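# Descriptive structure summary
For reference, the chains in residue letters:
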Amino acid sequence: METYRIFAHIYKYQMKFFETVFLEEADRFIRTLDFKSQRKILYNIRIAEQSNDPKLFKKITENIWEFRTKYLGKQIRLLAFWDKRENTETLVVASNGFVKRRQKIPQKEIKKAEQIREKYFNEI
């Protein structure tokens, strides 16, 4: 527990390029994964927030980005979009996720992310 507190304290003061929030669909997807995969995804997101590393966070369409996690032979993807309406904080909104089984990202997942993005901005 002490190690966690030290890590949390250090993390709090590191520079972040953006903050990540999870919509219901993304949260539900993450909860379907085993605990170690969940931890790896959240760890990679924290690193991406601090480094903006394209190996972890990459643009795939004009409005949709992907958090990339490879763990235990699985390619786990969380699709996301930017919400830059606030001048104080830049948010990345994780919309949905899937385990990638082929080389290309399924168009239905991209379309779902775009629909979630549209609904998100229309409901504000």
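As shown above, the structure is provided for reference.
This is a predicted model, so every value here is computed, not measured.

It is worth spelling out the side chain of Glu49 at this point. One can find Glu49 in helix α3 (residues 35–51). A residue is classified by how much of its surface remains accessible, and Glu49, at 4% relative accessible area, is buried. Only 2.8 Å separates the side chain of Glu49 from the side chain of Thr20, close enough to count as a polar contact.

Time to look at the side chain of Ser37. Following the sequence through the fold, Ser37 ends up in helix α3. On the basis of relative accessibility, which here comes to 0%, the residue Ser37 falls in the buried class. For Ser37, the contacting residues outside a window of four places in its chain are Tyr71, Lys74 and Ile76.

This part is about α3. Taking 1.5 Å per residue as the helical rise, α3 with its 17 residues ought to reach 24 Å, and the 24 Å between its terminal C-alpha atoms agrees with that figure. Among the residues of α3, Ser37, Ile41, Asn44, Ile45, Ala48 and Glu49 are the ones counted as buried. Looking straight down α3, one finds that the buried residues subtend no more than 140 degrees of arc, so they occupy a single side. The exposed set on the far side of α3, more than 90 degrees from its buried face, consists of Phe35, Lys36 and Arg39. Where α3 starts, the residue carrying a side-chain oxygen 3.3 Å from the main-chain nitrogen of Lys36 turns out to be Asp34. One or two residues past the end of α3 sits Asn52, with phi positive at roughly 55 degrees.

Moving on, we get to the nonpolar core. Of all hydrophobic cores here, the largest spans 18 residues; its most connected members are Phe18, Phe57, Phe67, Leu78 and Val92. Each residue touching Val92, except ones within four places of it in the same chain, is listed here: Phe18, Glu19, Thr20, Val21, Phe57, Phe67, Ala80, Phe81 and Trp82. Leu79, Val93, Ile110 and Tyr120 belong to the second largest nonpolar core, which has 10 residues in total.

A few words on the environment of Glu25. In this structure, Glu25 sits in helix α2 (residues 24–31). Relative accessible area serves as the criterion here: at 29%, Glu25 is assigned to the partly exposed category. Between the C-alpha atoms of Glu25 and Ala94, which are 69 residues apart in sequence, the distance is 8.6 Å. Those residues in contact with Glu25 that sit more than four places away from it in its chain are Ser95, Asn96, Lys112 and Ile116.

What follows deals with the pattern of salt bridges. The full count for this structure, using the stated rule, is 10 salt bridges. Among the ionic pairs, Glu109 bridges to Lys112, the shortest N-O distance being 3.9 Å. In this pair, Glu109 and Lys112 both sit in helix α4 (residues 107–122), three residues apart, roughly one turn of the helix. Among the charged side chains, a salt-bridge network with shared partners connects Lys16, Glu19 and Glu49.

This brings us to the pairing of strand β5 (residues 91–100). By the criterion of burial, β5 is predominantly enclosed, with nine of the 10 residues buried. Across nine bridges, strand β4 (residues 74–83) lies against β5 in antiparallel orientation. From the neighbouring strand, Arg77 faces β5, where its bridge partner is Phe98.

Conventions used here
- Residues numbered from 1 in each chain as written.
- Predicted model: local features only at pLDDT ≥ 70, side-chain atom pairs only at ≥ 80, totals over all residues.
- Heavy atoms only, no water.
- Helix = DSSP H or I, 4+ residues; strand = E, 2+ residues; numbered from the N terminus.
- Buried < 20%, exposed > 50% of the residue type's maximum accessible area, 1.4 Å probe, protein only.
- Polar contact = N/O pair within 3.5 Å; in protein donor to acceptor, adjacent residues only side chain to side chain.
- Contact = heavy atoms within 4.5 Å.
- Expected span 1.5 Å × (residues − 1).
- Arc of directions from axis to C-beta.
- Core = buried A, V, L, I, M, F, W, Y, C linked by side-chain atoms within 4.5 Å.
- Salt bridge = Lys/Arg side-chain N within 4 Å of Asp/Glu carboxyl O.
- Pairing = 2+ DSSP bridges.

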